[in-house]
Amino acid sequence: MNEIINTLEACPIVPVYYHADPDTCIKALELAYRTGIRVFEFVNRGEQAQKNFEILKAYRDSHLKGMSLGVGTIKNKEQAELFLSIGADFIVSPIVLEEIAEAAHQANKPWIPGTMTPTEIELASRLGAAVNKIFPANILGTQYIKAIKPLFPELKFMVTGGIPADFTQIKTWYDAGVFAVGLGSLPLNHPDEEQNIQAIIKSVIQLRKGK
């Protein structure tokens, strides 16, 4: 489980991505890898999610050494067990549910649950969450992180939801004390944006090194 934490420590930007077309998914994963991203969340939000994840995992195994590939939007034990059985490196859920935690722990894989309140954060921690995902980040804001972090100084927080792919805005979250940022806004379907994405990733990595 520490492998994911160590990878996020080195590059704390996580794309949150789904597309129904498998070739488009592969191109997005490739682009993310080229820009220096090493943790990728493919979300379980469409009919092709399982099939496309299997295709992505096979491609990752053959071509993208060092890329951690997990699945998000896991809402029950059955979904967790399914994606873990086909090779998910980690599980992300929008909710705190003990049965999902148990499935991840039995597979010895990290579980990142969505939390909002102090009670949810504490419960997730007791259930063994590797990282707390604060969601929706754009509603709660950086001031919420600044207020909640002193209550849980030992915990790691990832924020997801409505955060633009803009270094200046991303930096405000790291300044507030988060460990990682999930971005559904990275333009991974646009190869012409690769240099801009790479510039953001490099700046974030340098920011992390400076902490």
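Everything below is about the structure printed above this text.
Residues numbered from 1 in each chain as written. Predicted model: local features only at pLDDT ≥ 70, side-chain atom pairs only at ≥ 80, totals over all residues. Heavy atoms only, no water.

> Hey, could you run me through the overall build of the chain in this one?
Helix and strand content of the chain: ten helices and eight strands. A globule of 211 residues ought to have a C-alpha radius of gyration of about 17 Å, and the chain, at 16 Å, matches this closely. On the chain, roughly 9600 Å² of surface is accessible, and the fraction owed to carbon and sulfur atoms is 49%. Of the charged side chains in the chain, 21 are positive and 23 negative, and the gap between their average positions amounts to 6 Å. (Helix = DSSP H or I, 4+ residues; strand = E, 2+ residues; numbered from the N terminus. Rg over C-alpha atoms; globule rule 2.2 N^0.38 Å. Areas by Shrake-Rupley, 256 points an atom, 1.4 Å probe, with all protein chains shown as cover. Lys, Arg positive; Asp, Glu negative; His and termini not counted. Charge placed at Lys NZ, Arg CZ, Asp CG, Glu CD.)

> Got a minute to help me understand the pattern of salt bridges in this structure?
Pairing between side chains of opposite charge can happen when their charged atoms approach one another. Per the stated rule, a full pass over the model turns up eight salt bridges. Two residues, Lys 77 and Glu 81, come together in a salt bridge whose shortest N-O distance is 3.9 Å. With a gap of four residues between them, Lys 77 and Glu 81 both fall in helix H4 (residues 77–85), about one helical turn apart. The partly exposed category is assigned to Lys 77, whose relative accessible area is 30%. Overall, Glu 81 belongs to the partly exposed group, its relative accessible area being 35%. (Salt bridge = Lys/Arg side-chain N within 4 Å of Asp/Glu carboxyl O. Buried < 20%, exposed > 50% of the residue type's maximum accessible area, 1.4 Å probe, protein only.)

> Help me out: how do you make sense of the pairing of strand S7 (residues 157–160) in this one?
The alternating pattern of S7 places Phe 157 and Val 159 and Met 158 and Thr 160 on opposite faces, both of which are buried. Of the pairings in the sheet, the one linking strand S6 (residues 132–134) to S7 comprises three bridges and is parallel in character. What sits directly across from Lys 133, in S7, is Met 158. Here S7 runs beside strand S8 (residues 180–183); their pairing, made up of three bridges, is parallel. The partner of Thr 160 across the bridge, within S8, is Gly 182. Viewed along the sheet, the connection from S7 through helix H9 (residues 167–176) into S8 turns out right-handed. (Pairing = 2+ DSSP bridges. Right-handed = clockwise from strand over helix to strand, strands pointing away.)

> It is not clear to me how the packing of H9 against helix H10 (residues 194–210) should be interpreted in this structure. Could you clarify?
In helix packing, the relevant descriptors are the interaxial angle and the interaxial distance, both defined with respect to the helix axes. Here H9 crosses H10 at 25°, and the two axes come no closer than 10 Å. When the axis of H9 is compared with that of H10, the two are roughly parallel. The two elements H9 and H10 meet at a crossing, and its hand is right-handed. Here Phe 167, Ile 170, Lys 171 and Tyr 174 of H9 come into contact with H10, specifically with Ile 200, Ser 203, Val 204, Leu 207 and Arg 208. Classifying every residue of the contact of H9 with H10 gives six nonpolar, one polar and two charged. (Axes fitted to C-alpha atoms, helices over the stretch in contact; angles between N-to-C directions. Parallel < 35°, antiparallel > 145°, perpendicular 65-115°, else oblique. Left-handed = near helix turned anticlockwise from the far one by under 90°. Contact = heavy atoms within 4.5 Å. Nonpolar A, V, L, I, M, F, W, Y, C, P; charged D, E, K, R; others polar.)

> Would you mind going over the packing of aromatic side chains with me for this structure?
Note on aromatic pairs: each is described by the distance of the centres and the angle between the planes. Counting across every chain of the model gives three aromatic pairs. Taking the centre distance of 5.4 Å and the plane angle of 40° together, the rings of Tyr 18 and Phe 42 count as tilted. Of the two residues, Tyr 18 is situated in the loop between strand S1 (13–17) and helix H2 (22–34) and Phe 42 in strand S2 (residues 39–43); the sequence distance between them amounts to 24 residues. Judged by relative accessible area, Phe 42 falls into the buried class, the value being 1%. Across from the ring centre of Tyr 33, 3.8 Å away, lies the NZ or CZ of Arg 38, which sits over that ring. (Phe/Tyr/Trp six-rings, centres within 6.5 Å; stacked < 30°, edge-to-face > 60°. Lys NZ or Arg CZ within 6 Å of the ring centre and 35° of its normal.)

> Just to check I follow, could you spell out the environment of Lys 202 for this structure?
Structurally, the position occupied by Lys 202 is in helix H10. Linking Lys 202 and Cys 11, residues 191 residues apart in sequence, is a C-alpha distance of 8.8 Å.

> Even after reading the chapter, I still don't get the nonpolar core, so can you show me in this structure?
Nonpolar side chains in soluble globular proteins tend to end up buried together. By size, the foremost hydrophobic cluster in this structure holds 63 residues, and its most contacted members are Ile 13 and Val 181. Here this core takes seven residues from H2, the largest share from any one element. Ignoring sequence-local partners within four residues, the contact set of Val 181 consists of Pro 12, Ile 13, Val 14, Met 158, Val 159, Ile 163, Ile 170, Trp 173 and Tyr 174. (Core = buried A, V, L, I, M, F, W, Y, C linked by side-chain atoms within 4.5 Å.)

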